[in-house]
Amino acid sequence: MKDTLAVESMTGFGEARATIGSIPFLCRVKSLNHRFLDVKVKLPRGDFFAFDQKIRKQIGTAFKRGSIELSIQVDSISNPTSGVKKGATLFDLELAKSAHSELKKLAKTLKLANPSFETVLRIPGVVRSPSLNSEPGNEIAALVEAFGDKFEADLMQQLVVPALQALKKQRKQEGTALGKHFTTLLTSMREHLDKIKKLEPIEKEKARQAIITRANETLVLLKSLQEKPQNDTETF
């Protein structure tokens, strides 16, 4: 058997990164063994039901078996095209200035000390870390509102499809390795079978001779048993 078996493994991993709008996204997909196709999807917003269904359909087109888990999240790792560095925190400066000004007016009215820097930072919306938040007004919500279907299409083409292609490639690579291993085992089995077939006539002849020998020995024994009583009678 010279040809390698065409096998696709059910285990693998793939990922893709892309900046859409001003947000760096990361899509990861992993696959494990499963008798059927079992799909789990985790998205950065809970109201992406329609997009969730599109992803599941895309996965179903590419794969027929395996437990596949796909997730899309805001990428916290440095992305050269995004301008967002690892661990970077985004600030809404306009909101911070406005809040600080209003707090100063309130403090003056109440004859209190001016608001501290920490107080301003505690105001909702001033500090924004790249995360999976789906609160109204964040960057993802703004992109969905501004671009609608185009935003989902960009996520699909720039993230989901490349990640699935990477997974497909790895599953094929592992499958090729498994195919080679199985081919080696089958080749070895065929070689041993050929050797057994060559030994078959010899072993058959050996077995035949052994049966003939045992039969002759049995006949001799029976003959001796038949002659023994006559010899005993003559003695008396």
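As the structure is a computational prediction, the values presented were derived from the model and not from experiment.

Draft legend 1. Quick peek at the side chain of D52. Note that D52 resides in helix 1 (residues 49–62). Residue D52 is classed as buried on the basis of its relative accessible area, which comes to 13%. Engagement of the side chain of D52 in a polar contact is seen with the side chain of R56, the distance being 2.6 Å.

Draft legend 2. Geometry of the pairing of strand 4 (residues 66–74). Burial of strand 4 is extensive: seven of the nine residues sit out of reach of the surface. Relative to strand 4, strand 2 (residues 23–32) runs antiparallel, the two being bridged by eight bridges. By the bridge assignment for strand 4, K30 is matched with E69. One ladder, built from six bridges, connects strand 3 (residues 37–42) with strand 4; its direction is parallel. From the neighbouring strand, D38 faces strand 4, where its bridge partner is S67.

Draft legend 3. Representation of the confidence of the model for the protein within the structure. Residues at a pLDDT of 70 or more form 75% of the protein, whose mean pLDDT is 78. Taken together, the stretch residues 129–137 has pLDDT below 50 and engages in 15 contacts with residues farther than four places along the chain or on a different chain.

Draft legend 4. Layout of the nonpolar core. Core analysis: the biggest nonpolar cluster contains 28 residues, and F25, F51, I55, L70 and I72 have the highest contact counts within it. Mapped by element, the contributors of at least two residues to this core are strand 1 (12–20), strand 2, strand 3, helix 1, strand 4 and helix 5 (149–235). By residue number, the principal contributor to this core is helix 5, which donates nine residues. When sequence neighbours within four positions are dropped, the list of residues in contact with L70 reads C27, R28, V29, K40, V41, K42, I55, I59, V160 and L164.

Draft legend 5. Quick look at unusual backbone geometry. Here K111, not a glycine, exhibits a phi torsion of approximately 55 degrees, which is positive. When you line up the elements, K111 lands in the loop between helix 2 (93–109) and helix 3 (117–121). You can call K111 exposed: its relative accessible area is 77%.

Draft legend 6. The arrangement of the pattern of salt bridges in detail. Using the criterion set out here, one finds 11 salt bridges in the structure. Ionic pairing is found between E15 and R17, a salt bridge with its closest N-O pair at 3.1 Å. Salt-bridge contacts for K42 lead to E69; the nearest nitrogen and oxygen are separated by 3.4 Å. Here E69 lies in strand 4 and K42 lies in strand 3, a separation of 27 residues in the sequence. For K42, a relative accessible area of 49% gives the class partly exposed. Several salt bridges share partner residues, and in doing so they unite E15, R17 and R28 into one network.

Draft legend 7. Spatial organisation of the environment of M156. Summarising the element assignment, M156 is placed in helix 5. When sequence neighbours within four positions are dropped, the list of residues in contact with M156 reads F51, K54, I55, Q58, V161 and P162.

Draft legend 8. Spatial organisation of the pairing of strand 1. A one-sided burial pattern is seen for strand 1, the buried positions being G12, G14, A16, A18 and I20 and the unburied ones F13, E15, R17 and T19. Across nine bridges, the pairing between strand 1 and strand 2 is antiparallel. Across the sheet, residue F13 finds its bridge partner in strand 2, namely K30.

Reading the values: rules and limits
Residues numbered from 1 in each chain as written. Predicted model: local features only at pLDDT ≥ 70, side-chain atom pairs only at ≥ 80, totals over all residues. Heavy atoms only, no water. Helix = DSSP H or I, 4+ residues; strand = E, 2+ residues; numbered from the N terminus. Buried < 20%, exposed > 50% of the residue type's maximum accessible area, 1.4 Å probe, protein only. Polar contact = N/O pair within 3.5 Å; in protein donor to acceptor, adjacent residues only side chain to side chain. Pairing = 2+ DSSP bridges. pLDDT = per-residue confidence, 0-100. Contact = heavy atoms within 4.5 Å. Core = buried A, V, L, I, M, F, W, Y, C linked by side-chain atoms within 4.5 Å. Salt bridge = Lys/Arg side-chain N within 4 Å of Asp/Glu carboxyl O.

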